[in-house]
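Chain residues, written in single-letter form:
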Amino acid sequence: MSAIDDLPPLREVIRRHSLSARKSLGQNFLLDLNLTARIARAAGPLEDATIVEIGPGPGGLTRALLASGARHVIAVERDERALPALEEIATRYPGRLEVVCADAQHFDPRPWLGSGRAKIVANLPYNIATALLIDWLSIEPWPPWYDLMVLMFQREVAERIVAHENDEAYGRLGVLANWRAETKILFDISPAAFVPQPKVTSSVVRLLPRPAPEICDRRALEQVAAAAFGQRRKMLRQSLKSLAVDPARLVAAARVDLTRRAETVPVGGFVAMARELTHIRNTGAPISKFASDRGDL
């Protein structure tokens, strides 16, 4: 790997600070600075950018972002063992790195941003990656506080994020992600690039928020997608019954047939069904209470 700054190699940083990766924190450290620099470049011009990074660990991606010219990096790290290593980077780049010791699942960056906006760039901990993405895609009101996300996921999760109708990986996560963002897998990263080596390939995904997604109630969209994909092998006339409304009304709004299955319906079709579901509710039609479980998106 080539040097991107005059700080010590990451392996030395890890050894000096005893930063053994913890499975409980979903940690897999990316040590190849060529790859961290590639991820930083994928976020576009950084000279005037504020970056929110989640789970920096020993700081490989943090260093790449700063070396690429990022004006301000807000690094959110839960593992207190990594803080001394990150403070060394902050010293090397005075005034440009702010380290926040916090759980990313309960961290709101907006007080740190003021009236500005940010980019999210991160090698996300595997165990919370999907949950964090769903939270960022569910922000209200929309558009969100970020202009771009460049994130690393397990390849299987990345395929679900970018999937569209008739793709094998298409499901609830693909509906939500592609309703609110333009999504693309940029490149893969081999397990050999990490310490410890994960058992799966990782992928870097770019998500560009749509300034004006098709109008519908987000919760209604999640509920329609959950019902349809919850019984994905069944036709819509059966799977949508769990919403306690006439499935024919929903599919008519989407201009699809009752015999279709969820994986054949485009995102726009789910948006149309969500709007019809909202209309039915607002006009007083009876509907059962739906408890949304987003954990299996």
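Everything below is about the structure shown above.
Quick caveat: nothing in here was measured; it's all calculated off a predicted structure.

### Observations regarding the overall build of the protein
If you tally the helices and strands in the protein, you get twelve helices and nine strands. Against the compact-globule benchmark of 19 Å for 297 residues, the protein has a radius of gyration of 21 Å, which places it among compact chains. Reported as C-alpha extents along the three principal axes, the dimensions of the protein are approximately 65 × 40 × 30 Å. Sorting the 297 residues of the protein into buried and exposed places 53% on the buried side. Considering only contacts in the protein between residues 6 or more positions apart, those separated by 24 or more positions represent 70%. Per element, the accessible surface of the protein, about 13,500 Å² overall, is 49% carbon and sulfur. Averaging the positions of the 39 positive and the 34 negative side-chain charges in the protein gives two centres separated by 5 Å.

### Notes on the sheet that holds strand 6 (residues 146-154)
On the basis of which strands lie adjacent, the open sheet formed by seven strands has the order 4-3-2-5-6-9-7 and mixed pairing. The outermost strands of the open sheet, each flanked by one partner alone, are strand 4 (97-101) and strand 7 (181-189). Strand-to-strand twist across the sheet, computed as the mean angle between neighbouring axes with direction ignored, equals 20 degrees. Here helix 8 (residues 172-180) sits on the sheet and contacts strand 7 and strand 9 (202-209); the angle it forms with strand 7, its principal contact strand, is near 115 degrees.

### Some thoughts on the pairing of strand 5 (residues 118-123)
Walk down a regular strand and you will see the side chains alternate between the two sheet faces. Judged by how many residues are buried, strand 5 sits mostly within the fold: six of six residues are covered. Residues Ala118, Ile120 and Ala122 point to one face of strand 5 and Lys119, Val121 and Asn123 to the other, with burial holding for every one of them. Pairing of strand 2 (residues 50-54) with strand 5, which is carried by two bridges, proceeds in the parallel orientation. Counterpart to Val52 in the pairing with strand 5 is Ile120. Of the strand pairs in this sheet, strand 5 and strand 6 are connected by six bridges, and their pairing is parallel.

### Remarks on the side chain of Glu276
Tracing the backbone shows Glu276 in helix 12 (residues 267-282). By relative accessible area, which is 18% here, Glu276 ends up buried. With sequence-adjacent residues up to four places away left out, Glu276 is seen in contact with Arg249, Leu250 and Ala253.

### Brief notes about helix 7 (residues 155-162)
Residues lying three or four places apart along an α-helix face the same way, a consequence of the helix completing one turn every 3.6 residues. Val157, Ala158, Arg160, Ile161 and Val162 are the residues of helix 7 that are buried. Next to the buried residues of helix 7 lie helix 6 (129-137), strand 6, helix 8, strand 7 and strand 9.

### Some remarks on the pattern of salt bridges
Within the structure shown, the criterion is met by 13 salt bridges. Between Asp147 and Arg117 there is a salt bridge, with the nearest N and O atoms lying 2.5 Å from each other. With a gap of 30 residues between them, Asp147 in strand 6 and Arg117 in the loop between helix 5 (110-113) and strand 5 connect regions that are remote in the sequence. Residue class for Asp147 comes out partly exposed when judged on its relative accessible area of 37%. With a relative accessible area of 39%, Arg117 lands in the partly exposed category.

### Comments concerning unusual backbone geometry
Most peptide bonds take the trans form, and the phi angle of most residues other than glycine is negative. In this structure, the amide linkage connecting Trp142 to the following residue, Pro143, adopts the cis form with an omega of 5 degrees. Here Pro143 shows up in the loop between helix 6 and strand 6. Across the junction of Val195 and Pro196, the peptide omega takes the value -10 degrees, indicating a cis bond. Looking at the element boundaries, Pro196 is found in the loop between strand 8 (194-195) and strand 9. Backbone geometry at Ala244 places phi at a positive 60 degrees, although glycine is not the residue there.

### A few points about the packing of helix 8 against helix 9 (residues 218-230)
Where helix 8 contacts helix 9, the two axes come as close as 9 Å, and the packing angle between them is 150 degrees. With respect to each other, helix 8 and helix 9 are oriented roughly antiparallel. Helix 8 and helix 9 meet at a crossing whose hand is right-handed. Listed contacts from helix 9 to Arg172, Val175, Leu176, Trp179 and Arg180 of helix 8 are Arg218, Leu221, Glu222, Ala225, Ala226 and Phe229.

### Considerations on the pairing of strand 4
The pairing of strand 3 (residues 72-77) with strand 4 spans five bridges and is classified as parallel. For Val76, the partnering residue across the bridge sits in strand 4 and is Val100. The parallel pair strand 3 and strand 4 is bridged by helix 4 (residues 83-92), and the resulting crossover is right-handed.

What counts and what doesn't
- Residues numbered from 1 in each chain as written.
- Predicted model: local features only at pLDDT ≥ 70, side-chain atom pairs only at ≥ 80, totals over all residues.
- Heavy atoms only, no water.
- Helix = DSSP H or I, 4+ residues; strand = E, 2+ residues; numbered from the N terminus.
- Rg over C-alpha atoms; globule rule 2.2 N^0.38 Å.
- Buried < 20%, exposed > 50% of the residue type's maximum accessible area, 1.4 Å probe, protein only.
- Contact = heavy atoms within 4.5 Å.
- Areas by Shrake-Rupley, 256 points an atom, 1.4 Å probe, with all protein chains shown as cover.
- Lys, Arg positive; Asp, Glu negative; His and termini not counted.
- Charge placed at Lys NZ, Arg CZ, Asp CG, Glu CD.
- Pairing = 2+ DSSP bridges.
- Axes fitted to C-alpha atoms, helices over the stretch in contact; angles between N-to-C directions.
- Salt bridge = Lys/Arg side-chain N within 4 Å of Asp/Glu carboxyl O.
- Parallel < 35°, antiparallel > 145°, perpendicular 65-115°, else oblique.
- Left-handed = near helix turned anticlockwise from the far one by under 90°.
- Right-handed = clockwise from strand over helix to strand, strands pointing away.

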